[in-house]
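Topology and contacts: notes
The primary structure of each chain is shown beneath.
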Amino acid sequence: MAYRTVTADRVEAGDALPELAIDVKPVDIVLGAMASRDWRPQHHDYKFATERNGVRDIFMNTPNLAAWFERYVTDWTGPYGRVGWIRFRMKDSVFPGETMVFKGAVKAVDRDARGCAWAELELELTSGGRVTTVCTARVAIPAAEGDNPWKRRGEDWKPRAAA
Amino acid sequence: MSERADLPAEVQSWLGQRRYELEGEFDVERGYIFTTCSSVQNGNPIFWDDKAAAEITGGPIAPPAMISVWFRPHHWAPGRTEQALPLQVHFDLKRALDVPEAVMSDNTVTFGEPVRPGDRLRTWQVLRNVSTPKKTKLGTGHFWDIDVEYVNQRGEWVGTESYTGFGYRRD
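A brief report on the enclosed structure follows. (Residues numbered from 1 in each chain as written. Chains lettered and ligands numbered in written order. Predicted model: local features only at pLDDT ≥ 70, side-chain atom pairs only at ≥ 80, totals over all residues. Heavy atoms only, no water.)

So, empty space enclosed by the protein
Sizing a probe to match a water molecule and rolling it over the atoms shows the empty space that remains. So the rule is basically this: Here a cavity denotes a set of grid points, spaced 1 Å apart and computed over the protein atoms alone, in which a 1.4 Å probe fits but from which it cannot get out, and a pocket denotes an open set meeting protein on both sides within 12 Å along at least five of seven lines; residues with an atom within 4 Å of a point are reported as lining. Grid points are joined across faces, edges and corners, and a volume is the space filled by probe spheres set on the points. Nonpolar residues are Ala, Val, Leu, Ile, Met, Phe, Trp, Tyr, Cys and Pro. Charged residues are Asp, Glu, Lys and Arg, and all others, Gly as well, are polar. Under the scheme used here, helices are H or I runs from DSSP no shorter than 4 residues and strands are E runs no shorter than 2 residues, and both carry numbers assigned from the N terminus.
Under the definition given, this model contains three cavities of 30 Å³ or more. Along its surface, the largest cavity is lined by 14 residues, and Pro 64, Phe 111, Glu 113, Pro 114 and Val 115 of chain B are the ones closest to its centre. When the residues that make up the lining of the largest cavity are grouped by side-chain class, the tally is 11 nonpolar, one polar and two charged. Space inside the second largest cavity adds up to approximately 50 Å³. Residue lining of the second largest cavity: Gly 32, Ala 35, Ser 36, Pro 63, Asn 64 and Ala 67 of chain A together with Thr 36, Ser 39, Ala 65, Met 66 and Val 69 of chain B, and that is the complete set. Mapped by element, the contributors of at least two residues to the lining of the second largest cavity are α1 (26–35) and α3 (62–77) of chain A together with α2 (30–39) of chain B. The dominant element in the lining of the second largest cavity, judged by the number of residues it contributes, is α3 of chain A, at three residues.

Written out as structure tokens, the structure reads:
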């Protein structure tokens, strides 16, 4: 079966990723927390979040945010995309009733010493119009049709983040 | 390692050392994989379609971003009296450096071998660095870097989470 596949020979710095907009409902916050086994009350208990944490509602937990970014990246690459690393900095929280909007662009395309093709992406999440998270990700993509980064093992897979 | 007059001996002894090594409480399993994909509406066929997984990833795998999920303790378990804190080294540093407040500023996750259903992962934490005292708008304290390493049951590296924290006392 043919899958959507982004290959390095067809990508260049400056390319934009398609935006992704999601209306966030309370169930999204609670489901995300439970899926990531995060039982802390600020992610499911409105009274705790508002009275103890002093925020306006329950809010999305960090592991689930990482899963959203991963999904956003591989929506773009297709299933052959293999994330090497992801780095994020949180500035604000995502609350129910808001619309999350993921945006991104290709910062660079390169190959490592083992011939693995990489796209480095700059990503941003806004929610309710506020920038809540900025993120950089490095994802291995096929160098050309027929290549598959998932087949790389051991010395052929070198995703370590730059300092 | 050179002595650091600004750090307690206890903290110096932690630098570069593996601490809190433990095995996950359960095997990596597909129920959580499907629930996680559902929670972020991730339709990537390598997680849902066995034929696609066989063709692309050599069989089913877990979304790499789930790496820490396999170590979060059950909310309740028989005989448990204390809840283990994730990133215990962070809390140890707050106590040892006598800084009541702390924030995480950066989080980087690096992914190695794919994690597959049936894997039983191991993890440990390593304190990589503690800065000299710094004054920021939050207060005065130390920055620290902690790595959380993950391997599978064959000892293959499957991922590392790297955190930068700042522990401080308000000025």
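Considering the pairing of strand β4 (residues 117–127) of chain A
Residue and element names in this part refer to chain A. Note the cut-off: Exposed residues in this analysis have more than 50% of their type's maximum accessible area, buried residues have under 20%, and partly exposed residues fall in between, with area computed by a 1.4 Å probe over protein chains only. Note: two strands are recorded as paired if DSSP finds a minimum of 2 bridges between them.
Counting buried residues in β4 gives nine out of 11 residues, a clear majority hidden from the surface. One ladder, built from 11 bridges, connects strand β3 (residues 99–111) with β4; its direction is antiparallel. In the strand pairing of β4, Phe 102 is matched with Leu 125. Hairpin connection, β3 to β4: the antiparallel pair is bridged by five residues, and Gly 115 has positive phi, about 85 degrees. In the sheet, β4 pairs with strand β5 (residues 130–140) via 10 bridges, with the strands oriented antiparallel. Across the sheet, Ala 119 pairs through a bridge with Val 139, a residue of β5. What sits between the antiparallel neighbours β4 and β5 is a turn of two residues, in which Gly 128 has the positive phi angle 60 degrees.

A short note on the environment of Gly 43 of chain B
All names here are of chain B. Locating Gly 43 in the fold gives a position in the loop between α2 and α3 (45–48). The exposure class of Gly 43 is exposed, given its relative accessible area of 54%. Linking Gly 43 and Thr 140, residues 97 residues apart in sequence, is a C-alpha distance of 46 Å.

A word on the interface of chain A and chain B
Rules: It only takes one pair of heavy atoms within 4.5 Å for two residues to be counted as in contact. When two components associate, each loses some accessible surface as probed by a 1.4 Å sphere; the sum of these losses over both components is called the buried area. Basic side-chain nitrogens of Lys or Arg form a salt bridge, by our definition, when they fall within 4 Å of a carboxyl oxygen of Asp or Glu.
Chain A puts 38 residues into the contact, and the matching count from chain B is 42 residues. Approximately 3500 Å² of surface area, both sides summed, lies buried where chain A meets chain B, with 51% of it carried by carbon and sulfur atoms. Linking chain A to chain B there are three salt bridges. A salt bridge links Arg 153 of chain A to Glu 113 of chain B; the shortest N-O distance between them is 3.0 Å. Of all the elements in the fold, those that place two or more residues in the side of chain A that touches chain B are α1, α3 and β2 (82–90) of chain A. For the side of chain A that touches chain B, the per-class residue count stands at 21 nonpolar, seven polar and 10 charged.

Remarks on the environment of Gly 141 of chain B
Residues and elements named next belong to chain B. With respect to the element layout, Gly 141 can be found in strand β5 (residues 140–151). Placed 78 residues apart in sequence, Gly 141 and Pro 63 show a C-alpha to C-alpha distance of 36 Å. Excluding residues that lie within four positions of it along the chain, Gly 141 makes contacts with Thr 132, Pro 133, Lys 134, Phe 166, Gly 167 and Tyr 168.

Such coordinate-based values are descriptive only and should not be taken to indicate function.
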